[in-house]
Amino acid sequence: QVQLVESGGGLVQPGGSLRLSCAASGRFLSIGTMGWYRQAPGKQRELVASITSDSATNYAVSVKGRFTISRDNAKNTVYLQMNSLNPEDTADYYCFTSARLSQSASYTSWGQGSQVTVSS
């Protein structure tokens, strides 16, 4: 099993910044792609950003240029630096990771969610 623990959400004013962190722990051979989804009330879940094990990144159009995803493989941790936040970024943010448990098995885990509220 792989456990993900998120931190870093909160309330911020428009134009402000926040950094989310998500640390993976448990029994696994390796960690593959890591990333973040978000879901705002009444809206569909949206992939915000992802990063592969060799650090190739992918961003939603709505956050490109404002958000930066990175990872520390030694710590099995993924980060989401969010700058120039606006009220449309208000949502619950969920990290995910794909972990290889054995030669023939992989598993996708989810964090508990971090609430991000952008409001004046």
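Structure: see above.
None of the values given here were measured: they were computed from a predicted structure. (Residues numbered from 1 in each chain as written. Predicted model: local features only at pLDDT ≥ 70, side-chain atom pairs only at ≥ 80, totals over all residues. Heavy atoms only, no water.)

Enquirer: Sorry if this is basic, but what is going on with the pairing of strand β11 (residues 114-118) here?
Expert: Each regular strand carries side chains that alternate between the two faces of the sheet. Only one face of β11 is buried, namely the one carrying Ser-114, Val-116 and Val-118, since none of Gln-115 and Thr-117 on the opposite face is buried. In terms of strand pairing, strand β2 (residues 10-12) meets β11 through 3 bridges, oriented parallel. Counted as the bridge partner of Val-12 is Val-118 from β11. In this structure, strand β9 (residues 91-100) lies alongside β11, joined through 3 bridges in antiparallel fashion. (Buried < 20%, exposed > 50% of the residue type's maximum accessible area, 1.4 Å probe, protein only. Helix = DSSP H or I, 4+ residues; strand = E, 2+ residues; numbered from the N terminus. Pairing = 2+ DSSP bridges.)

Enquirer: What exactly am I supposed to notice about unusual backbone geometry here?
Expert: The phi angle of most residues is negative, glycine excepted, and most peptide bonds adopt the trans form. Although it is not a glycine, Asn-76 sits at a positive phi angle of roughly 50 degrees. Here Asn-76 is to be found in the loop between β7 (67-72) and β8 (77-82). With relative accessibility at 22%, the residue Asn-76 sits in the partly exposed group. In the Ramachandran plot, Ser-84 falls in the positive-phi region, its phi being about 50 degrees despite a non-glycine side chain. Relative to the elements of secondary structure, Ser-84 occurs in the loop between β8 and β9.

Enquirer: I'm lost on the state of the cysteines in this one. Help?
Expert: Cysteine pairs can be covalently joined through their sulfur atoms, and such a bond is termed a disulfide. One pass over the structure, following the stated rule, counts 1 disulfide. Two residues share a disulfide in this structure: Cys-22 and Cys-95, whose sulfurs sit 2.0 Å from each other. Handedness here is read from the sign of the S-S torsion; for Cys-22 and Cys-95, about 50 degrees, the answer is right-handed. Separated by 73 residues along the polypeptide, Cys-22 in strand β3 (residues 18-26) and Cys-95 in strand β9 bring together distant segments of the chain. In this pair, the class of Cys-22 matches that of Cys-95, namely buried. (Disulfide = S-S within 2.5 Å.)

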